Every structure is written in C-alpha cells, then in structure tokens.
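Overview (structure and organization)
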Amino acid sequence: MRKFIVAPVALAALLAPAHLPAQSAAELGDATSEFVSIAGPTVALAGVKVIDGTGSGARTNQTVVIEGNRIAQVGPAGAVEIPPGAEVHELPGHTVIPGMIGLHNHLFFMGAGGRMAQGNISSPRLYLAAGVTTIRTTGSVSPYADLNVKSSIDRGLAPGPRMHVTAPYVTGPNPALGDMAQVTSPEEARRFVRYWAGEGVSWIKAYTTIRRAELAAVIEEARAQGLRVTGHICSITFQEAVDLGMDNIEHGFGTATDFDPRKQPDECPPNSMVRVGEQGDPTGEIARALILSMVENDVGMTSTMAVIEPMTKGRAVLDERTLEAMAPEVREDYLEMVGRIEADPDWSMTEEHLQKHMAFERGFVEAGGVLAAGVDPTGIGGAIAGFGDQRNYELLIEAGFDASTVVRIVSANGARIMGVDDEVGTIEAGKLADLVVLEGDLESDPAIIGNVTVVFKDGVGYDSAKLIDSVKGMVGIR
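In the contact formed by helix 13 (residues 351-366) and helix 14 (residues 387-398), the axes pass within 10 Å of each other and the chain directions differ by 80 degrees. The angle between helix 13 and helix 14 places the two elements in the roughly perpendicular class. Along the contact surface, helix 13 presents Glu-351, Gln-355, Met-358 and Glu-361, while helix 14 presents Leu-395, Leu-396 and Glu-398. Class assignment for the residues of the contact of helix 13 with helix 14 results in three nonpolar, one polar and three charged.

Under the counting rule described, the total for this entry stands at 27 salt bridges. Note that Lys-150 is salt-bridged to Asp-154, the shortest N-O span being 3.1 Å. Highlighted residues: Lys-150 and Asp-154, both in helix 4 (residues 143-154), separated by four residues, approximately one helical turn. Residue Lys-150 is classed as partly exposed on the basis of its relative accessible area, which comes to 22%. Arg-416 is paired through a salt bridge with Asp-298; the nearest N and O atoms lie 3.3 Å apart.

Below, the discussion takes up the nonpolar core. Judged by nonpolar contacts, the single largest core of 111 residues is most densely connected at Ile-204, Leu-215, Met-246, Met-294, Leu-396 and Leu-442. For this core, the element with the most residues is helix 6 (residues 212-225), which contributes six residues. Excluding residues within four positions of it along the chain, Met-246 makes contact with Ala-206, Leu-215, Ile-219, Val-229, Thr-230, Gly-231, Ile-233, Ala-241 and Val-299. Of all hydrophobic cores here, the second largest spans 16 residues; its members include Val-48, Val-96, Val-437 and Val-454.

Turning our eyes to something else, we now look at the sheet that holds strand 10 (residues 132-136). Spatial ordering of the open sheet is given by 7-10-11, a layout of three strands whose pairing is parallel. Strands at the two margins of the open sheet, each flanked by one partner only, are strand 7 (100-102) and strand 11 (162-164). Between one strand and the next, the sheet's axes are offset by a mean angle of 20 degrees, whatever the strand orientation. Pairing of strand 7 with strand 10 involves three bridges; the strand directions are parallel. Its bridge partner being in strand 10, Met-100 is matched across the sheet by Val-132.

Each aromatic ring pair is specified by the distance between its two centres and by the angle formed by the two planes. Enumeration according to the criterion identifies six aromatic pairs in this entry. A ring pair is formed by Tyr-144 and Trp-196, whose centres lie 5.4 Å apart and whose planes are at 45 degrees; its orientation type is tilted. Here Trp-196 lies in helix 5 (residues 186-199) and Tyr-144 lies in helix 4, a separation of 52 residues in the sequence. Taking 6.0 Å as the distance between ring centres and 50 degrees as the angle between the ring planes, the aromatic pair formed by Phe-253 and Phe-360 counts as tilted. Highlighted residues: Phe-253 in the loop between strand 16 (248-250) and helix 8 (272-279) and Phe-360 in helix 13, separated in sequence by 107 residues. Phe-360 matches Phe-253 in its accessibility class, with the two residues each being buried. These aromatic residues form a ring-pair network of at least three members: Tyr-144, Tyr-195 and Trp-196. The side chain of Arg-136 reaches across the aromatic face of Trp-203, ending 4.4 Å from its centre.

Parameters and conventions
- Residues numbered from 1 in each chain as written.
- Predicted model: local features only at pLDDT ≥ 70, side-chain atom pairs only at ≥ 80, totals over all residues.
- Heavy atoms only, no water.
- Axes fitted to C-alpha atoms, helices over the stretch in contact; angles between N-to-C directions.
- Helix = DSSP H or I, 4+ residues; strand = E, 2+ residues; numbered from the N terminus.
- Parallel < 35°, antiparallel > 145°, perpendicular 65-115°, else oblique.
- Contact = heavy atoms within 4.5 Å.
- Nonpolar A, V, L, I, M, F, W, Y, C, P; charged D, E, K, R; others polar.
- Salt bridge = Lys/Arg side-chain N within 4 Å of Asp/Glu carboxyl O.
- Buried < 20%, exposed > 50% of the residue type's maximum accessible area, 1.4 Å probe, protein only.
- Core = buried A, V, L, I, M, F, W, Y, C linked by side-chain atoms within 4.5 Å.
- Pairing = 2+ DSSP bridges.
- Phe/Tyr/Trp six-rings, centres within 6.5 Å; stacked < 30°, edge-to-face > 60°.
- Lys NZ or Arg CZ within 6 Å of the ring centre and 35° of its normal.

Treat this as a map of the structure, not an account of what it does.
Written as structure tokens, this is what we have:
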C-alpha cells in the first residue's frame, strides 16, 4: 500500500500561537455588558476548592486573585495577599476550574430529521454560560457567519467564547455531501487550503471520503500556511492519518476504520461506525498499536461522547435545560426520535458501543495520549452547545477518570492541541483569567459541572443563568 508521508515541519514559527485577544469590562458593548456580573478590575475568589487543569489533585480553601484580564495569584487562603480595593467574593462550598476548551464545538445545530440551523445567537451564549470559554468550530457550514461572530465577540459586541474558526469541511467525491468542499486532486486540495487561510481560519477539517493523496496535500499546504488539520475520517484509517501528519483526530473508536475488516484503500466502508462498534476490540492488538503510534507522533484525539449518548438505545437524554433551550418544534422532533430509538428492537447503537468508546479513550490516556473533548451539537440533537460539553465531563467520569484528569481533558489538553496552552487551559498566575465558578464540590459529584454561577473570560465575570435565560427556545432557530 502506497503511503503519502508529509516531511517533518520546518515552519515552527508559522505555527506559533498569536497573542490571544482580551478585553476589560469597560471595552464591552451594551449587548455584552448586560450579562456581566463581576466587572473587576481586581477580584478575589476566596475559600474555594481549585482543580487547576494540570492534572494535580484538588486544593481546598484557596484564594484566586484576578487583576485586569490575568490571574495574579492562586494559593492557600492564608498565603495569598489580597490587594487593597479588590472586590472579594467569599465562596466556601464552591469549586473553581479553568474555562473549558471545546474542541468540537460548531456554531450550527443539527437535530432530528436532518434539521440544521446556524446558531449565531444561541450557541455562543450557551457555550459561555456553561463555562466553555474557548471553542474550535471543527467544521463550518457557514464559515463567514462563524468568522463574523468571532469578530463581534473579539470586539466586545456580543457575548461568547474565544473562537478558533475552521474552514468548511473538505472531503472527497460524494453526492450526499453537497454542502462540503469535494476535492478530487491534490492541487484542488492545496487551492482550498490557501483560499481559506487567506480568509482567516486557523484549522482545516477533513471529512469522511477524502482520499490519501488529497489529505496529504491538505496537510502539506496547511503547514505552509501556518494552519493545523483535524478530521472525522473514514476513507483514511487513523494509522494512515498519523502517517500523513494529521494533528488531531475526531470522535475516537467508532470512526476508526482500522478496526473494520472490509476497509479498502481510499474507501469508506458503508455503515462502518456500527460495524466497528459490533466487531472492533478497543483493547486488542490493533488498538494497542494504533494508540502507541498516535502517542509517539503527538496526535491528539477529541472525545465527543455527548453526541453519541443520545443516539444510544437505553440512554435517552432528557435533560430539562436542554429541552427548554430548544425551539418547540425542535423539542418535539427530538422527543419523537428518542421514542423511536427506545421502541426499535433492532436499533444499532447500543450500550456496548458507548462502553467501547470509553475503553478506547481510557487506553489512549493511560498510554500518554492527549485527549480533549467537544460536544459536536449534531446527531439527533440531544447534545447542544454548552450543556453537551458539561455532559462530556460526566461521561468521562463514568469512563473511569478522576475529577482532576477530566478537568485537564476538558481544559488544558484542548489548549495544548490548539497551541494556546501558554495563555489558557490551567489556573496559574500569569495566564488569562478564564475561570468557571461552580456551586458545590465537583470532586465528589460530577453533576456539579452543571451548577455554574459565574464564568470569567479575560477576568470579566458573566452571569451564567442570565445568558441561559436569554436564549431559551432559540436552539434550532437562531
């Protein structure tokens, strides 16, 4: 089998992260300021439990001091000197974690029956409200809308997370994927990358039917343009993607056609995700070799179990906050689909499939792999912006990881994959003050991830409940 190998990168300077935009409360427009509950500039969060995103154990009775848009101090209450004039919030019984990094977080929403809507208003607000302070769009259906929303957020004109925009999906020939870029030659692939690099995206996402020659060209041109590449792949196995030099792979076990015995070069086997779930072994020889290769080549992986769970028989997701956020007709279609899944004795997505995803992710992390997470608000619509990211946290706990490891997965690891870990992803002095304040002890109860009171982005505290209330009934419309 011929392999297309991308030469080692000699353009490290091009891939170095730019300084991230940051704003003070005074720089925010009225449409953003209405959601601000703590304006600073100097704030102390006292008496909190801190899970800092580094993987270290939780620390109790901590004080976190924010000055301007950065974390100035973090340490035991008696060892931190609170500056004169600071706005002090005594928060015993609360947990503080870094702002979450959503690594598969579209602005669009896809629901039951193929419904699709661009959520320029609802998605950014729900991400921020849930504690997701940075997202990567990971495939755009309306890339100019995404770029314009990013610009509005960066200028303080709209509330939302820091955004890393991905180009439109790039795939191979497939009549069913008419809204994606379908490249049929390496030159077409290079031209696609050059164009979108010029438009301001920072990532390229390869999709299911792209072939090896075209993906090799995408990766090579992306390197030349200072971009990075991820993919939801099928025609290309995970091992082939590693060999080609891909930076990040989406979804994990179910999309790894390495496990599908029908796999032929440059072809996506039909219904492969079901076949892998039925026959693949997430802990066997193929899995071990693949994980080792990914780890050795520093290829990150994105967990998206929140979008898989609603499609899993026996796992009906009926979260009240999610249902309230949906437009009435979206909610009706979703609940009808849930009922169909539960009533279908032959439904192919099973609990066994989901448990295999969890086992593969455990093996990846145990081997030293960099696992991040994202909601992917698609599928049948049960995983929506923000709330799905929180559900990922709970599912990763269920998968067997402890709280400190999961906080690292949903924060620092995403920052590392995107190359912004010098600025965000952990609670450390000098980093941007992106923090989530949770009411309760997250270490003892994973459901506390949903008890967000205040989300700090750039040292500005946003009222989570107010953001959520502002978009109730909007998901699936705007």
